[in-house]
Every structure is written in C-alpha cells, then in structure tokens.
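Observations on the model geometry
For reference, the chains in residue letters:
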Amino acid sequence: MNFDFLGGALEIGGSAVLIQIDQKNILFDSGIRQGANKDPLPNFQRIKELGGLDAIVVSHAHLDHIGSLPLISKEYPFAKIYMNHMTKDLVRVQLYDSLKIMKNREAEIPLYAEQEVVDTLNRIFTLGYEVRFPVFDEIYLTFYNAGHIAGASFCYLQGKEGTVFYSGDFSVFSQRSIEGAKLPKLRPDVAIIETTYGDRLHSNREIEEKALINLVNEAIDSNGKVLIPAFALGRAQEVILILKGAMNKGSLKKVKVYVDGMIRDVNRVYTQNPLYLKNGLAKKILKGLEPFYDDNIIEVKPTMNREELLADKEAGVFISSSGMLSGGPSTYYAEKISAMEHGCIAITGYQDEEAPGKHLLDLLDANEDERYLKLNGVSFPVKCKIKRIGLSAHSDKSEINGVIERLSARNVILVHGNLEVINNLGKEIAANYRGKVFAPDCGEQITITVKNPRKQLQKELPYVMHMKERLSEDNIKHFHRYISDHYGQQLFTIEDLYYLWTGTKTTEEKLIEPFQMVIINGLYFENDRKRLFLWKARDEKDVALDLQQKELTQQQLVEKVEEKFYGYPYKKISISNENKSIKLIFDFPDAIDKSIETMFHQFLEETGWCIGINDNMNHNAADLILRGYFDDSNVDKISYFGVHRKVKVVIKNAPESTLMKELSDDFLRKTGWELLITSLDGEVAVEEETFDGYYAAQNTQAVEQNEALHLIDLAFEEEYHRPYKKSIKQRGNSKYLELAFITPIIGMKYAEKIATLASQLGWDIAISNKINQNELLNKVSMLCQKYGVVLKKNPSYQPAAMKVMIHPLEGEENVQKVKEVFMEETGCELEQKV
C-alpha cells in the first residue's frame, strides 16, 4: 500500500491523504488551508501523476477536510464520494457559505462555482455508522463515530493488501451535543491519527464551562456585551447549550443571547438529524421540541438590525461565526465590542497562527497602549476584556495514546498537527510502542507492505426472516420476537435490521428510511444510550408494561385535551371509556370554527381517542344573552327551532330596527344561530324571515278551509309519507295552513307538491318545524325489532342534531340496514353507541 500526504501533514489545514490499495486510488478528505499566506489547496497534481482517482472518503464537514472537494470532484467526476448523511447535510451548508464568502471578497478569484458544488453534492453516497459497505470488489469501507462534531467519522478501509484506520478529527470525551468517540475491537494494519493537541492535556471541562458562565455573569452585572466567536459547526452548538443549561439551572442570570452567522444554518441541520446527536438532545427533537432557541437564546434573523442589538442598554451575549474572526458577522461584533470598556471577547477554540483570533489572544499580555486588532485590513484599539476558554473538540495527548493502544496497529502515521507537536509525540510513542511510527511531511510518500494482513472480525448474522412484506405496526411484534429469540440483546444498525427482516443487504435511503421510522416509532426496539444509531430488541416485560401504560389515564387525557384545545371556550370535558370517545361541551357549538375538525383528527392520531363537540345549544346561556339585549319586562316569548338553527323572540315594544339588526348580527356571531325578532304591537323589529317551507298563495281566491284540508288529504293519498297533522295558524292578520310530518326534512321532500297546492287552494301553506319525537322513537324501535337488533335500553333523541341514539346489545351486524331505512323514512340520522 502507498500513502501520499497531499496536505495536513506536519500542519493543521488542507487535510488530504491518497491511499493506493488493491490497484485503487482512494482519497481521504479534501481540505483547504485557511491562512492568507498559504497555498490553500493540497497537492492535487500528485493524484494525476499516480493515475487519477477512484473514490473519495470524507471524515467530517469542517472546511480543512472538505474545502477543496468541488475542485477535485470536478476533475474526477466518476469518483464516488462517501460520507454519512449528517456530514452530507453539513457539507452542503459549508460549501454554499464558502461560495458566498469567495464572491464577497474583492480581488479574489473564487476556487469553484455554484454548479460545481451542485455536481459535487450529487456524487455523494451516504453510509450510516458501522455499516460495512463494498466500495469496490473486496474493498470495504466502514464509518465509526469519532466524536468531535456531529457526523464525524473514523474511516476503516479493508482490502486484500491490508486494513487502514483513518481517524479524521476525533474526541473521546462526550460533549453537550454529541457523544465521544466509540470504537469496537478493530484490527488495522495501518492507523493514520490526528495529533492537533498531542502535546498537552486538556483542562477540566467543567472548570472551563464555569469560567464561561462566570464571565457572562460579570458582563450582566456591568451591563456589558460579550462576543463569543465560535466555529459554526460544533463549537457554537456547545456554547449555546452551556449557556442555555446554566440559565435553566439558575447559575447564569437571564440574559439575551443572540446567535448569528452560519451557526443558524448548522443548527437547522442538527435538528433535522437527531440520531447523530446525544441521547437527551435527540429525544427532545424527536418530541418536536426546539433544542437550541428559547425566550433567551435568539436567532438573529435577516430582518434584525445588529447595530440596534448592540445599542441595547441591557447586557447581551453574541455567539457568531467565524470562530477565528476571519469573516462572518463575528468581525462586525468584534469591531464594536473591542472598543467597549465593559465588553469582552471570549475565544473558545483553535486559532490559526495568522488568524485575527490568534492575534487577539496575543494581546492578553500586551500593554494597554499596544492593544490593537486588525480586522479586514483595518486596525482597531482594544479596550475590552479578552478571555481564553478551553472548549476544544479535539482529543488531547492521553486520548490520542489511548486510541493508538486500543488499535495496536503495526504502523502508526501521525498527521494533522504542527511540526513541534508531532515530533515530540512521535518520539514519546516510539519509545514505548512495538510498531513503526511515521511522521511524514506534505509531499512525502510512504510505502507499507503487509505480508500477513491481520484477520478482521466479522459480524455474523446467521438467522434471517426473508420477509416479503414491509415492516409495519402490525407485524413489528413478530420481528421483535424473532430477534429476541435468536440474537437476544445484540446491537444492530438499521441496515442490519433491514437485512434480518428482508434478507437483502442495502443502504438505499428510499428503502431504509421508512423501515427506520417504524423502528423509531414503535415500542419494540430501543437504541443504545450513547450510540443512537445502534438498536436492540427490548425486554418483552418492558414492552408489555409500555403497551399497558400507552393507555392514557383519565387525568392524562384531560391534560392533553386542555393543552391541545387551549383557548377554545368549552365548558366541560365528557369522557366515555366504553367507546374511547371525548366530547367537548360548548354553550354554542355552532359558533365554533370548523378548523377544529383538523385538530380532532390530529388528536385521534396522537392518542387513539375520538373527540368531538356537543350538538345542542345551551338554551339557558342563549337566554342570558337575549335578556341582556332586552329588559325582562319587554320579552314576551323565546322560541328555539333547532332544525333550522334559529331563535325567535317576541317582544312587547320594538326599539329602532337598526339596533335590532346589530343585536341579531351579534347573536349570530356568538351562537351560530339566526335571531328573528317580532313585536306584539304588530311591528316587525327585524324583518321576520319565513322559515324554509313556507309557500304563499299568490293572490288566488281561497277555498273554504275544511274543503282545503280535504283536498290536501286527497293530494297525499298515494304518497309514501303523509302529514300526520293539519292545522290553521295565525300570522299577523292572516291565516295559513300548517302541515306537520314526522320531521320537517320529510315535509321538504314534497315542497313542489305543497307549493302547487298553495297556488290551487288560495291558502298560504307552511311545513311545521316541529318533529314528532314519539313517532320517531317508535319508528326506531319497530325497525330494530324488524331487523333483529336488540337494544340495551330505549332509544334517545337529540333535537338540535336531529339524531336518535341507540345502544345495541345483539344484532350489531344489522344496524347499518336499520340506519339506511330510518334515514329514508324520517330524514334523521341514527347513531350507534359502541
């Protein structure tokens, strides 16, 4: 195997290692150097000399590892790019941000164009952690969690000529947003290891976090401003969570923390990929909660004015990219805050030797009159406090040694560190290590021949279900039993589980993602507490207990209803455990906006409980409104017509019609019912609308009333439905005929016949609004008896909804037929209690 170090050797930046293995050229990382006086690009000419490129592997999304990716991908468009899904999403953010920065710099020619970024992203193939994937025949690639930032990967390449471990950047300790690196037993022949902080031991993390909190508390006491320049990817999320956690615990006073720059985009990517995050943070996101922002942690949106934020008299904290003060909004904040005597700039991460952030740290020991900071070519006096806070996301010397010992590779290559660090660490390791230790410079090639490659441990999956149907809520129980019986508590990737279910090995997202959602949303599998991408079958007793607890208690139901329907004016919550239904009782259900139906559907999906509202208006509540409009002494009668959702009020003396119209409109808005107002003195306060079903005689000479009633009987003699009652009514000074059917709905079926009769007889004819409740209930009982439906108790009638309720004891299979016939004969709905 040949190893060519194109960048990132005896330096930090521009990481790129070309590995020749089994006649394939594979590039690990393609970074960029960010110093103004450095050549930004790795030595890509060497790739051409060696015959081109077959594949690219990316360890993580920091620019010193991916900044030149569009250039090399354009040159070798058929070389697939391998990384995990989180890294791909972060690479997209990073590369588009780089495009924007390059376009905005004067006299600088951009390294690549937007189309090249688009093409690069289209060549990316994503792999999950711990999925062994054949990138070529008999060459396998596996990613392992490397800590450092979300998505960072140890890269493990297995070929016939040997096995290579490439660390990328890593951290063994856990951070607030991600877990530390996790390594299974690996047996590489060659290990390429980063050494950024290989010459030191990190200070205690808790002490450093307390120092940051104390610094902000001091600024609050003096109404000062604090700038925390932070790498948008990784460091910024840690700082946000440290400050948010401290405010929640009370160790940090409440203060506005403004989040600016590319950090905002990275936060969104973190939220979209919870399984790459720490357990607690991931669960919060999966529950739909916001992980970063709240009333105190505020995203600086494009519409917000940075100058106004700084001018606020209250204390404030600004977390902004870039972390080295080399660009982004942090340079604007640094310019302003550096001049404030009560201001402070806190540096929390690695600073390149030429970066403004490093120059700022150099001022810690400078005299006050020598404190100047150069930003964008302009020098500014520094009057603010400067503080270094150690929140590194790289491993220190002890952790690097620990990884090397665990791997026990015969050949160790040290990269990603400056000359002094690598030389000192290399000598220290070589003195106590059995294998060979290399410290190459950029441009060097190392050839390593492995005579007897180490035997690799393989994951054995002998028991497979070979199911053709998709995994679902209905069959996951059987899958869980199979895995429990054959593998116990063994951990699997989602890809492993997919193979165990189907017998097919795949990494295709369109197949894996729906399968993964069933696993995540079910109760039968759980992920490893520190590696959320690994899953195991849960203990059957725990599953059974959770299935029981999934049935919400009545108190939990009430709490969920109160939370979901907060702001709706219901008076009571009625719960029926018998048929898992809930009814919200409103005084005026017809006034409730129909959009509540969508919320009912959501509630059913979330809880499994049906929810609805009552049908009937609260007449007492309506009376109170009406008697608020008129003096009690002026109200003669109030009548409710539930079928038509109308109320008729008869008053003794009619006020001004304009006022009555306003009251009528107000009543409709509050109750959803129309208000008709008439007066005893013969005047109409609000024009009395005739209900549907009133037919005028149109000036025809009226026949004698008994003759008219007889002719009506003759007209309905052959009809299926007939009026069960005919009567003479008075309306003002006129009389009219009223026909009562079992329900007004049935009467309206004969509207055309009745209108013709009114014209022929010279009588106004109305269809009665009344419902013959006794006949209605008798009709239900008869139909149930006819079709063999035995009722638990007598039917009940709900007038406002024109519904009859029945509670079947036997013959439920025939209820649908009863409903159909009942609707045809009465026009009313029949509802069945379960």
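Structure first, text after, so check above.
Okay, so let's go over this structure. Worth saying up front: this structure is predicted, and the values here are computed from it rather than measured.

Now for the sheet that holds strand β34 (residues 734–740). The four strands are arranged β32-β35-β34-β33 in an open sheet whose pairing can be described as mixed. Of all strands in the sheet, those with a lone pairing partner are β32 (694–695) and β33 (725–731), marking the two edges. Here β34 runs beside strand β35 (residues 765–767); their pairing, made up of three bridges, is parallel. Paired with L737 across the bridge in β35 is I765.

Let us now look at helix α23 (residues 705–715). Of the positions making up α23, those classed as buried are A708, L709 and I712. Down the axis of α23, the smallest arc covering the buried residues is 95 degrees, so these residues share one side. Those residues of α23 that are buried lie in contact with β33, β34, α25 (751–761) and β35. By the N-cap criterion, in which a side-chain oxygen at the helix start approaches the backbone nitrogen of a residue two or three places on, α23 is capped by E704, the distance to N706 being 3.1 Å.

Right, let's talk about the pattern of salt bridges for a bit. Applying the stated criterion across every chain yields a total of 38 salt bridges. Linking K536 and E526 is a salt bridge whose minimum nitrogen-to-oxygen distance equals 4.0 Å. With K536 in strand β25 (residues 534–537) and E526 in strand β24 (residues 525–527), the pair connects residues that are ten residues apart, well separated along the chain. On the basis of relative accessibility, which here comes to 31%, the residue E526 falls in the partly exposed class.

Residues E341, E368, D369 and E370 make up a contiguous surface patch of negative charge. Locating E368 in the fold gives a position in the loop between α12 (356–362) and β17 (372–375). A relative accessible area of 69% places E368 in the exposed class.

Here the focus is empty space enclosed by the protein. In total, this model carries three cavities of 30 Å³ or more according to the counting rule given. Reported here for the largest cavity is a volume of approximately 100 Å³. For the lining of the largest cavity, a count of residues per class yields nine nonpolar, three polar and four charged. Its volume calculated, the second largest cavity comes out at about 70 Å³. Around the second largest cavity, the lining is made up of 14 residues, and of these S15, H65, Y166, V415 and H416 lie nearest the centre. With three residues, the single largest contributor to the lining of the second largest cavity is strand β11 (residues 190–194). Grouping the constituent residues of the lining of the second largest cavity by class yields five nonpolar, seven polar and two charged.

On to the packing of helix α26 (residues 773–786) against helix α27 (residues 815–826), then. In a packed pair of helices, the relevant descriptors are the angle between the two axes and the axis-to-axis distance. At their nearest, the axes of α26 and α27 sit 10 Å apart, and the two run at 145 degrees to each other. α26 and α27 meet at a crossing whose hand is right-handed. Contacts from L776, K779, V780, L783 and C784 of α26 reach α27 at V818, V821, F822, E825 and T826.

Before going further, it helps to examine the pairing of strand β38 (residues 803–806). Residues of β38 alternate between two faces, with K803 and M805 on one and V804 and I806 on the opposite face, all of them buried. Summarising the sheet, strand β37 (residues 796–798) and β38 pair through three bridges and their orientation is antiparallel. Opposite Q798, over in β38, you have K803 as the bridge partner. Relative to strand β40 (residues 829–832), β38 runs parallel, the two being bridged by four bridges. By the bridge assignment for β40, M805 is matched with E831.

What follows is about the side chain of T126. Here T126 shows up in strand β6 (residues 124–126). The exposure class assigned to T126 is buried, which follows from its relative accessible area of 11%. At 3.0 Å, the side chain of T126 and the side chain of E509 are in polar contact. With near-sequence residues (within four places) excluded, T126 lies in contact with M83, N84, H85, K88 and E509.

Among the surface-exposed residues, K185, R187, R406 and R410 lie close enough to one another that they form a single positively charged patch. Note that R406 resides in helix α13 (residues 397–407).

Below, the discussion takes up the packing of aromatic side chains. Using the criterion set out here, one finds 27 aromatic pairs in the structure. Measuring from centroid to centroid gives 5.5 Å for F154 and F170, while their planes differ by 55 degrees, and the two rings are tilted. One end of the pair, F154, is in strand β9 (residues 153–159); the other, F170, is in the loop between β10 (162–166) and β11, and 16 residues separate them in sequence. As far as burial versus exposure is concerned, F154 and F170 are alike and both buried. Across from the ring centre of F716, 5.9 Å away, lies the NZ or CZ of K753, which sits over that ring.

In spatial order, the strands read β23-β25-β24; together these three strands make up an open sheet with antiparallel pairing. The open sheet is flanked by β23 (492–493) and β24, the only strands paired with a single partner. Relative to β25, β23 runs antiparallel, the two sharing two bridges. Directly across from F492, in β25, lies its bridge partner W535. Sheet strands touched by helix α15 (residues 476–487): β23, β24 and β25. Its angle to β24, the strand with the most contacts, is close to 65 degrees.

In this section: the state of the cysteines. Applying the stated rule across the entire model yields zero disulfides. This cysteine, C384, is not joined by any disulfide, and C344 carries the nearest cysteine sulfur, 6.5 Å off. Classification of C384 by relative accessible area gives buried; the value is 1%.

All right, on to the environment of E719 then. Residue position: E719 is located in the loop between α23 and β33. Along the chain, E719 and Y750 lie 31 residues apart, while their C-alpha atoms are 9.5 Å from each other. The residues touching E719, leaving out its near neighbours within four places in the chain, are Y750 and K753. Looking at E719, its side chain comes within polar contact range of the side chain of K753, at 3.5 Å.

If you look at the biggest cluster of nonpolar residues, it comprises 133 residues, and the most contacted ones within it are F3, L27, I192, I193, L243, Y270 and I319. Looking at which element gives the most residues to this core, the answer is helix α7 (residues 235–249), with eight residues. Beyond its immediate chain neighbours, meaning those up to four positions away, I192 contacts F3, V17, I19, V164, F165, Y166, S167, I413 and V415.

In this section: the pairing of β11. Of all five residues that make up β11, five are buried, and the element is covered over most of its length. The alternating pattern of β11 places V190, I192 and E194 and A191 and I193 on opposite faces, both of which are buried. Both β10 and β11 contribute to a ladder of three bridges, which runs parallel. If you follow Y166 over to β11, its bridge partner there is I192. Of the pairings in the sheet, the one linking β11 to strand β20 (residues 411–415) comprises five bridges and is parallel in character. Its bridge partner being in β20, V190 is matched across the sheet by N411.

Cut-offs and rules
Residues numbered from 1 in each chain as written. Predicted model: local features only at pLDDT ≥ 70, side-chain atom pairs only at ≥ 80, totals over all residues. Heavy atoms only, no water. Pairing = 2+ DSSP bridges. Helix = DSSP H or I, 4+ residues; strand = E, 2+ residues; numbered from the N terminus. Buried < 20%, exposed > 50% of the residue type's maximum accessible area, 1.4 Å probe, protein only. Arc of directions from axis to C-beta. Contact = heavy atoms within 4.5 Å. Polar contact = N/O pair within 3.5 Å; in protein donor to acceptor, adjacent residues only side chain to side chain. Salt bridge = Lys/Arg side-chain N within 4 Å of Asp/Glu carboxyl O. Patch = residues over 30% accessible without salt bridge, like charges linked within 9 Å, V, L, I, M, F, W, Y side chains within 5 Å. Areas by Shrake-Rupley, 256 points an atom, 1.4 Å probe, with all protein chains shown as cover. Lys, Arg positive; Asp, Glu negative; His and termini not counted. Charge placed at Lys NZ, Arg CZ, Asp CG, Glu CD. 1 Å grid on protein atoms, 1.4 Å probe; cavity = no way out; pocket = protein on both sides within 12 Å on 5 of 7 lines; lining within 4 Å. Points joined across faces, edges and corners; volume = space filled by probe spheres on them. Nonpolar A, V, L, I, M, F, W, Y, C, P; charged D, E, K, R; others polar. Axes fitted to C-alpha atoms, helices over the stretch in contact; angles between N-to-C directions. Left-handed = near helix turned anticlockwise from the far one by under 90°. Phe/Tyr/Trp six-rings, centres within 6.5 Å; stacked < 30°, edge-to-face > 60°. Lys NZ or Arg CZ within 6 Å of the ring centre and 35° of its normal. Disulfide = S-S within 2.5 Å. Core = buried A, V, L, I, M, F, W, Y, C linked by side-chain atoms within 4.5 Å.

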